[in-house]
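The chain contents come next:
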Amino acid sequence: MAKNPQTPPARRASDRGRYGRLSRERVLATALELVDREGLSALSMRRLGAELGVEAMALYRYAEGKDALLDGLVEAMHLELHARLDADRPDADDTGAAGTKAADTDADDWRAGLHRFARTLYDVCLDHPHAVPLLTTRLLAVPMARRPLPVLRSHERVLALLEKAGLEESTTAAAFEAVLGWLLGYVSVELRPMVDNPDEPDPAFRLGLHRLPSQELPTLRRLAPAVAERGGPEGLAAGLDALLDRFTKPSSSSP
């Protein structure tokens, strides 16, 4: 049977997409763009391949599977974090490729450096809200030594800044865990969905408070409008300062 001349030839698992040869950076950037547009549920090897103009099999040389692709999204967000931090540095012109320096050197002002790190991470997360859950879930799923290097460099930055406060090693480690928990927790709470009906002008109906049983949840119903308000960068900074004071200032109960 003769071949239909109108039938296009089948594509091979080549890594040359519609925009040229692929790279890991292009694959991860496209994956992040897809998640930004349509959410994590839209991400698959087949869909990503379609976005790049290649067969899904061509992507496996850049990500071994779905889990590796999710880790790659976390890597891409941390790469963006380091690029922004390095671009804002006073000595940025003396730095080579973005992210080549492991730790901040904010003129020995470790607290200002931590605030800059926190605010930059906050901004990156607000730019990629659909990918934010991965910052926590992949942290729970992947042992430290197997995390992407940009993630480990974020750990290094924070630990190096905390060491400049003159803390003991055990206190530095405890402060690191507290700071990491605060940053990830704060961003997760900021981005949680609260609005039930965005077209409803009445605040109570907008939040769907009529769906909450008043007898069982009186406090939640009463405080829900306040809880729904975002704390913004100011709340992030205030909480971070409270944490840092806890680890760096003498306890008032000390004799």
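Heads up: these notes are all about the structure in this document.

The rules behind the values
- Residues numbered from 1 in each chain as written.
- Predicted model: local features only at pLDDT ≥ 70, side-chain atom pairs only at ≥ 80, totals over all residues.
- Heavy atoms only, no water.
- Salt bridge = Lys/Arg side-chain N within 4 Å of Asp/Glu carboxyl O.
- Buried < 20%, exposed > 50% of the residue type's maximum accessible area, 1.4 Å probe, protein only.
- Helix = DSSP H or I, 4+ residues; strand = E, 2+ residues; numbered from the N terminus.
- Axes fitted to C-alpha atoms, helices over the stretch in contact; angles between N-to-C directions.
- Left-handed = near helix turned anticlockwise from the far one by under 90°.
- Contact = heavy atoms within 4.5 Å.
- Nonpolar A, V, L, I, M, F, W, Y, C, P; charged D, E, K, R; others polar.
- Core = buried A, V, L, I, M, F, W, Y, C linked by side-chain atoms within 4.5 Å.
- Parallel < 35°, antiparallel > 145°, perpendicular 65-115°, else oblique.
- Phe/Tyr/Trp six-rings, centres within 6.5 Å; stacked < 30°, edge-to-face > 60°.
- Arc of directions from axis to C-beta.

Right, let's talk about the pattern of salt bridges for a bit. Where charged atoms of side chains with opposite charge meet at close range, the side chains can pair. Scanning all chains against the criterion turns up 15 salt bridges. Notably, a salt bridge pairs Glu38 with Arg47, separated by 2.6 Å at the nearest N-O pair. Classification of Glu38 by relative accessible area gives partly exposed; the value is 39%. Taking the relative accessible area as the measure of exposure, Arg47 reaches 27% and is therefore partly exposed. Put simply, Glu80 and Arg84 hold a salt bridge, and the shortest N to O gap is 2.5 Å. A residue pair is termed a helical-turn pair when its members lie 3 or 4 positions apart in one helix, as Glu80 and Arg84 do in helix α3 (residues 66–87) at four residues.

Moving on to the packing of helix α4 (residues 110–127) against helix α10 (residues 232–248). Packing of α4 against α10 brings their axes to within 10 Å, and their N-to-C directions diverge by 140 degrees. Crossing geometry of α4 relative to α10 is assigned as right-handed. Here Trp110, Arg111, Leu114, His115, Ala118, Arg119 and Tyr122 of α4 lie close against α10, whose contacting residues are Gly232, Pro233, Leu236, Ala237, Leu240, Asp241, Leu244, Asp245 and Thr248. Class assignment for the residues of the contact of α4 with α10 results in nine nonpolar, three polar and four charged.

Turning to the nonpolar core, a few remarks are in order. Leu43, Leu59, Leu69, Leu73, Met77 and Leu114 are the most contacted members of the largest nonpolar core, which totals 52 residues. At the level of secondary structure, the elements contributing two or more residues to this core comprise α1 (24–38), α2 (45–52), α3, α4, α5 (132–141), α6 (149–163), α7 (169–191) and α10. Once you skip the residues sitting within four places of it in the chain, Leu73 turns out to touch Leu28, Ala31, Leu32, Val35, Leu40, Leu43 and Leu134.

A few words on the packing of α3 against α5. Two quantities define a packed helix pair, namely the angle between the axes and the distance from one axis to the other. Across the interface, α3 lies against α5 with an axial gap of 9 Å and an inter-helix angle of 120 degrees. One finds that α3 runs oblique with respect to α5. Taken as a pair, α3 and α5 cross one another with a handedness that is left-handed. Between α3 and α5, the contacting residues are Asp67, Leu70, Asp71, Leu73, Val74, Met77 and His78 on the first element and Val132, Leu134, Leu135 and Arg138 on the second.

Right, let's talk about the packing of aromatic side chains for a bit. In total, this model carries two aromatic pairs according to the counting rule given. Taking the centre distance of 6.3 Å and the plane angle of 45 degrees together, the rings of Tyr122 and Tyr186 count as tilted. Taken together, the residues span a long stretch of sequence, with Tyr122 in helix α4 and Tyr186 in helix α7 at a distance of 64 residues. Judged on exposure class, the residue Tyr122 and its partner Tyr186 are both buried. Look at Trp182 and Tyr186: their rings are 5.1 Å apart centre to centre, the planes differ by 45 degrees, and that puts the pair in the tilted class. Within this pair, Trp182 and its partner Tyr186 are both found in helix α7, separated by four residues, close to a single helical turn.

This part takes up α2. Along α2, the residues classified as buried are Met45, Leu48, Gly49 and Leu52. Viewed along the axis of α2, the buried residues span an arc of 100 degrees, placing them on a single side of the element. Just downstream of α2 lies Gly53, where phi reads positive at about 80 degrees.

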